[in-house]
Amino acid sequence: MMIKKSILLFLVVLGLQTIEAQQDPQFTQYMFNTITVNPAYAGSRGQLSFAGLYRSQWVGLDGAPETFTFNLHSPIRNSRLGYGISVVNDNIGDGVVQETYLDGVVSYTLDLAREQKLSFGLNFGGSLLNLDFNGLRNFDQEVVDGNNVDNSFSPNFGIGAYYHTNKFYLGLSVPDILESDFFDNAQRDANSVNFLSQERLTFFLITGYVFDLNGDFKFKPALLTKVVGGAPLQVDVSANFLYADRFSFGVAYRWDAAVSALAGFQITEQLMLGLAYDRETTELGATQFNDGSFEVFLRVELVKSFKRLVSPRFF
């Protein structure tokens, strides 16, 4: 038990001091949750679309990160515009660190050729940061001095571009352009700790292609690359199969970090459920306190009259 408690304290302190390395949410099912990292995706599905995702990271480790996100987006009829909202909440240490990203999203789409579209997007909003040092003080009587942060708001905006056909997509985005610092003014003495949370410029590149195989099978490789100052390059590669436009399954690899299994079910024409499981390839993955990471994803297409505009490209 003492080992698990020590791991929690280390996890929270590490998260507070180096949030720039993990400040943007990490998803295995990123190909179904694109608007979270690229505002130009808004309206690209051709109808009012809702998506929600819950991620529990490092299950079995007390205080491990949890992420919940939901977004809603749609095109505006008889125009080239799209709009939407995106909310992402990160929780580390059972409420010790909580950050919520709130964004409005707008996009503008150009028709380049038959079934070829290029969209430009803008997201605007910011993040709310809460640091509750009492959570550490009350945890096994740990002594940690610092000033709590309550709903510290940091405004931000981002941009993105997204090109897609019925079988291919390519996107480049910077969701948070403004760099912000959050810190407490704790005295530097033997019993106090000075924490720093820093927002850093992050670039996302996403791409994927759908190959028609024989029969009812389609195959889609996908790639997400994340570049942020002060953190290692993150590369996610996935390979998914789609059967009868209803059932998808595949595997993914996060470079030098994790391997994953994915499955998706198009329950109805308007309702999709996705599941994913990650297993760390680092030393943390071998610990007895870590049972891997899980994701549950739900997408609902809300306006049936737009159904004809949605292709089975599963992205």
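Remember, it's a predicted structure, so these values are computed and weren't measured experimentally.

**Remarks on the overall build of the protein**
Looking only at helices and strands, one finds two helices and 17 strands in the protein. Residue burial in the protein is summarised as follows: out of 315 residues, 49% are buried. Expressed as a percentage of contacts within the protein between residues at least 6 apart in sequence, the contacts between residues at least 24 apart total 56%.

**As for the confidence of the model for the protein**
In this model, the protein carries an average pLDDT of 81, and 76% of its residues clear a pLDDT of 70 or more. Averaged pLDDT values for the elements of the protein fall to 47 in helix H1 (residues 2-17) and rise to 96 in strand S7 (residues 168-174). Scored below 50 in pLDDT, residues 184-193 makes 17 contacts in the model with residues more than four places away or belonging to other chains. Low pLDDT, under 50, characterises residues 307-312; the predicted model gives this stretch ten contacts beyond four residues in sequence or across chains.

**Concerning the pairing of strand S16 (residues 271-280)**
A one-sided burial pattern is seen for S16, the buried positions being Met272, Gly274, Ala276, Asp278 and Glu280 and the unburied ones Leu271, Leu273, Leu275, Tyr277 and Arg279. Counting the residues between successive antiparallel strands, the hairpin from strand S15 (residues 258-266) to S16 contains four residues. Both S16 and strand S17 (residues 293-301) contribute to a ladder of eight bridges, which runs antiparallel. Across the sheet, residue Asp278 finds its bridge partner in S17, namely Ser293.

**Describing the pattern of salt bridges**
Tallied over the full model, the rule gives ten salt bridges. A salt bridge links Arg254 to Asp236, with the shortest nitrogen-to-oxygen separation between them at 2.9 Å. Residue Arg254 is located in strand S14 (residues 247-254), and its partner Asp236 is located in strand S13 (residues 234-243); the two are separated by 18 residues in the primary sequence. Asp236 shares its class with Arg254; the two are buried. Asp278 is the partner of Arg254 in a salt bridge, and the nearest nitrogen-oxygen pair spans 3.4 Å. Placement of Arg254 in strand S14 and of Asp278 in strand S16 is noted, with a sequence separation of 24 residues between them. Using a relative accessible area of 3% as the deciding quantity, one classes Asp278 as buried. Connected via shared salt-bridge partners are Arg55, Asp236, Arg254, Asp278 and Glu295.

**Focus: unusual backbone geometry**
At Trp58, a residue that is not glycine, the phi angle is positive and equals roughly 55°. For Trp58, the position within the fold is in the loop between strand S1 (49-56) and strand S2 (66-75). Backbone geometry at Asp245 places phi at a positive 55°, although glycine is not the residue there. By secondary structure assignment, the location of Asp245 is in the loop between S13 and S14. Since its relative accessible area comes to 34%, Asp245 is described here as partly exposed.

**Topic: the nonpolar core**
Counting 25 residues, the largest nonpolar core has Met31, Tyr162, Tyr169 and Phe297 as the members making the most contacts within it. If sequence neighbours within four positions are ignored, Tyr162 has contacts with Asn38, Ala40, Tyr41, Ser44, Lys117, Leu118, Ser119, Tyr169, Leu170, Gly171, Ile206 and Phe315. Core analysis: the next-biggest nonpolar cluster, separate from the first, contains six residues, Ile92, Val96, Val97 and Leu131 among them.

**What about the packing of aromatic side chains?**
Applying the stated criterion across every chain, the model contains 15 aromatic pairs. On the numbers, 6.1 Å between centres and 55° between planes, the contact of Tyr163 with Phe168 is tilted. Since its relative accessible area comes to 25%, Phe168 is described here as partly exposed. Three or more aromatic residues joined by ring pairs make a cluster, and in this case those are Tyr163, Phe168, Tyr209, Phe211, Phe219, Phe241, Phe247, Phe249 and Phe265.

**Focus on the side chain of Ser238**
Inspection of the secondary structure assignment puts Ser238 in strand S13. Every residue in contact with Ser238, bar those within four places of it in the chain, is listed here: Tyr30, Met31, Lys220, Pro221, Ala222, Val251 and Ala252.

**Concerning the pairing of S13**
Bridge count between strand S12 (residues 217-228) and S13: ten bridges; the pairing is antiparallel. Within S13, the residue paired with Phe217 across the bridge is Tyr243. The antiparallel hairpin formed by S12 and S13 contains five residues in its connecting segment, where Gly230 sits at a positive phi of about 85°. Inspection of the sheet shows S13 paired to S14 by eight bridges, in the antiparallel sense. Pairing of Ala239 across the sheet is with Val251, part of S14.

**Thoughts on a nonpolar patch on the surface**
Residues Ile76, Leu81, Tyr83, Val106, Tyr108, Leu122, Phe124, Phe157, Ile159 and Leu178 make up a contiguous nonpolar surface patch of about 830 Å² in total accessible area. Mapped onto the nonpolar patch, the elements with two or more residues apiece are strand S3 (81-92), strand S4 (97-113), strand S5 (116-131) and strand S6 (149-164). The topology assignment puts Leu81 in strand S3.

Conventions and cut-offs
- Residues numbered from 1 in each chain as written.
- Predicted model: local features only at pLDDT ≥ 70, side-chain atom pairs only at ≥ 80, totals over all residues.
- Heavy atoms only, no water.
- Helix = DSSP H or I, 4+ residues; strand = E, 2+ residues; numbered from the N terminus.
- Buried < 20%, exposed > 50% of the residue type's maximum accessible area, 1.4 Å probe, protein only.
- Contact = heavy atoms within 4.5 Å.
- pLDDT = per-residue confidence, 0-100.
- Pairing = 2+ DSSP bridges.
- Salt bridge = Lys/Arg side-chain N within 4 Å of Asp/Glu carboxyl O.
- Core = buried A, V, L, I, M, F, W, Y, C linked by side-chain atoms within 4.5 Å.
- Phe/Tyr/Trp six-rings, centres within 6.5 Å; stacked < 30°, edge-to-face > 60°.
- Patch = residues over 30% accessible without salt bridge, like charges linked within 9 Å, V, L, I, M, F, W, Y side chains within 5 Å.
- Areas by Shrake-Rupley, 256 points an atom, 1.4 Å probe, with all protein chains shown as cover.

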